[in-house]
Amino acid sequence: MAIPQFLAELRSVVGNRPLWLSAVAGVVLDDRDRVLLARRSDDGRWAVVGGILDPGEEPADGVVREVLEETGVVAVPELLASVSVTEPVTYPNGDVTQYLVLTFRCRAIGGEARVNDDESLEVGWFALDGLPPMIELEHERLRHALECDGPAVFSWEGKERP
């Protein structure tokens with residue numbers, strides 16, 4: 001899985017030291033309220049679609065770009081559902097990263113779900129009562145996106161707040 005050019009350049013300067021990066025996740029629903037999921041090529045887990053924002057990129061534009069790049073689905077963002085921070089992630093090469101993740105609820109408006117790059121092994125639409133196994137973090141993102149009517153969910157003083 002290739003990393004963005006800006007990140008490769010940054011890593012050439014900072015090495016494996018921890019980086020704080022902004023990312024987006026898209027809970028994409030179709031007209032039958034099925035959710036779009038991708039099985040990641042790096043660890044084989046099913047997850048909502050997402051990725052790292054490019055420098056200066058608007059988050060809503062970034063989630064639309066990521067969904068299209070990874071799945072071939074054209075989506076429009078409806079709602080910023082949650083803002084969260086991941087635990088630090090250590091990659092096999094020793095790079096350490098922590099992500100600020102903005103999760104959007106999106107609506108599919110075109111395209112066809114397919115594996116569209118090297119970041120996914122499979123892509124598909126799933127009924128909410130027929131989801132594949134996922135880690136709890138992915139279930140939280142789904143819950144936030146499906147239950148949120150605004151404002152976005154965030155944590156403050158260690159407690160989840162709407």
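Here, every reference points to the structure presented above.
Residues numbered from 1 in each chain as written. Predicted model: local features only at pLDDT ≥ 70, side-chain atom pairs only at ≥ 80, totals over all residues. Heavy atoms only, no water.

Caption draft 1: Layout of the overall build of the chain. Per the secondary structure count, the chain includes three helices and 10 strands. Starting at the N terminus and walking to the C terminus, you meet the elements of the chain as α-β-β-β-β-α-β-β-β-β-α-β-β. Computed over its C-alpha atoms, the radius of gyration of the chain comes to 15 Å, within 12% of the 15 Å expected for a compact globule of 162 residues. Across its three principal axes, the chain shows a C-alpha extent of roughly 45 × 40 × 30 Å. Buried positions account for 39% of the 162 residues belonging to the chain. In the chain, the 15 positive side-chain charges and the 29 negative ones have mean positions that sit 3 Å from each other. (Helix = DSSP H or I, 4+ residues; strand = E, 2+ residues; numbered from the N terminus. Rg over C-alpha atoms; globule rule 2.2 N^0.38 Å. Buried < 20%, exposed > 50% of the residue type's maximum accessible area, 1.4 Å probe, protein only. Lys, Arg positive; Asp, Glu negative; His and termini not counted. Charge placed at Lys NZ, Arg CZ, Asp CG, Glu CD.)

Caption draft 2: Geometry of the layout of surface pockets. Put simply, the second largest pocket is a space of about 150 Å³. What lines the second largest pocket is simply Ser82, Val83, Ser84, Thr103, Leu137, Glu140, Arg141, His144, Val153, Phe154, Ser155 and Glu160. Elements with a minimum of two residues in the lining of the second largest pocket: strand S5 (73–85), helix H3 (136–147) and strand S9 (154–156). Ranked by residues supplied to the lining of the second largest pocket, first place goes to H3 with four residues. (1 Å grid on protein atoms, 1.4 Å probe; cavity = no way out; pocket = protein on both sides within 12 Å on 5 of 7 lines; lining within 4 Å. Points joined across faces, edges and corners; volume = space filled by probe spheres on them.)

Caption draft 3: Quick peek at the pattern of salt bridges. For the coordinates displayed, the defined rule picks out 17 salt bridges. A salt bridge links Arg107 to Glu78; its shortest N-O distance comes to 3.5 Å. With Arg107 in strand S7 (residues 96–111) and Glu78 in strand S5, the pair connects residues that are 29 residues apart, well separated along the chain. According to the relative accessible area criterion, Glu78 is partly exposed, its value standing at 41%. Residue Glu157 is joined to Arg161 by a salt bridge in which the shortest nitrogen-to-oxygen separation is 4.0 Å. (Salt bridge = Lys/Arg side-chain N within 4 Å of Asp/Glu carboxyl O.)

Caption draft 4: Geometry of the pairing of S7. One ladder, built from 11 bridges, connects strand S1 (residues 19–29) with S7; its direction is parallel. Looking at the pairing, Leu19 lines up with Thr97 of S7. Pairing between S5 and S7: 11 bridges, direction antiparallel. By the bridge assignment, Pro77 is partnered in S7 with Cys106. As defined by bridge partners, strand S6 (residues 89–90) adjoins S7 across two bridges and the pair is classed as antiparallel. Within S7, the position partnered with Val89 by the bridge is Thr97. (Pairing = 2+ DSSP bridges.)

Caption draft 5: Broad picture of the packing of aromatic side chains. By the definition in use, this model includes one aromatic pair. Between the aromatic rings of Trp46 and Phe126, the centroid separation amounts to 5.0 Å while the plane-to-plane angle is 75 degrees, which identifies the pairing as edge-to-face. Note that Trp46 is positioned in strand S3 (residues 46–47) and Phe126 in strand S8 (residues 120–126), a separation of 80 residues in sequence. Neither Trp46 nor Phe126 differs from the other in exposure class; each is buried. (Phe/Tyr/Trp six-rings, centres within 6.5 Å; stacked < 30°, edge-to-face > 60°.)

Caption draft 6: Representation of helix H1 (residues 5–14) within the structure. Looking only at H1, the buried set comprises Leu7, Arg11 and Val14. Buried residues along H1 cover an arc of 75 degrees about the axis, so they all sit on one side. Counted as exposed and oriented over 90 degrees from the buried face of H1: Gln5, Ser12 and Val13. Along its buried surface, H1 packs onto S1, strand S4 (49–52) and S7. Looking one or two residues beyond H1, the residue adopting positive phi is Gly15, at roughly 65 degrees. (Arc of directions from axis to C-beta. Contact = heavy atoms within 4.5 Å.)

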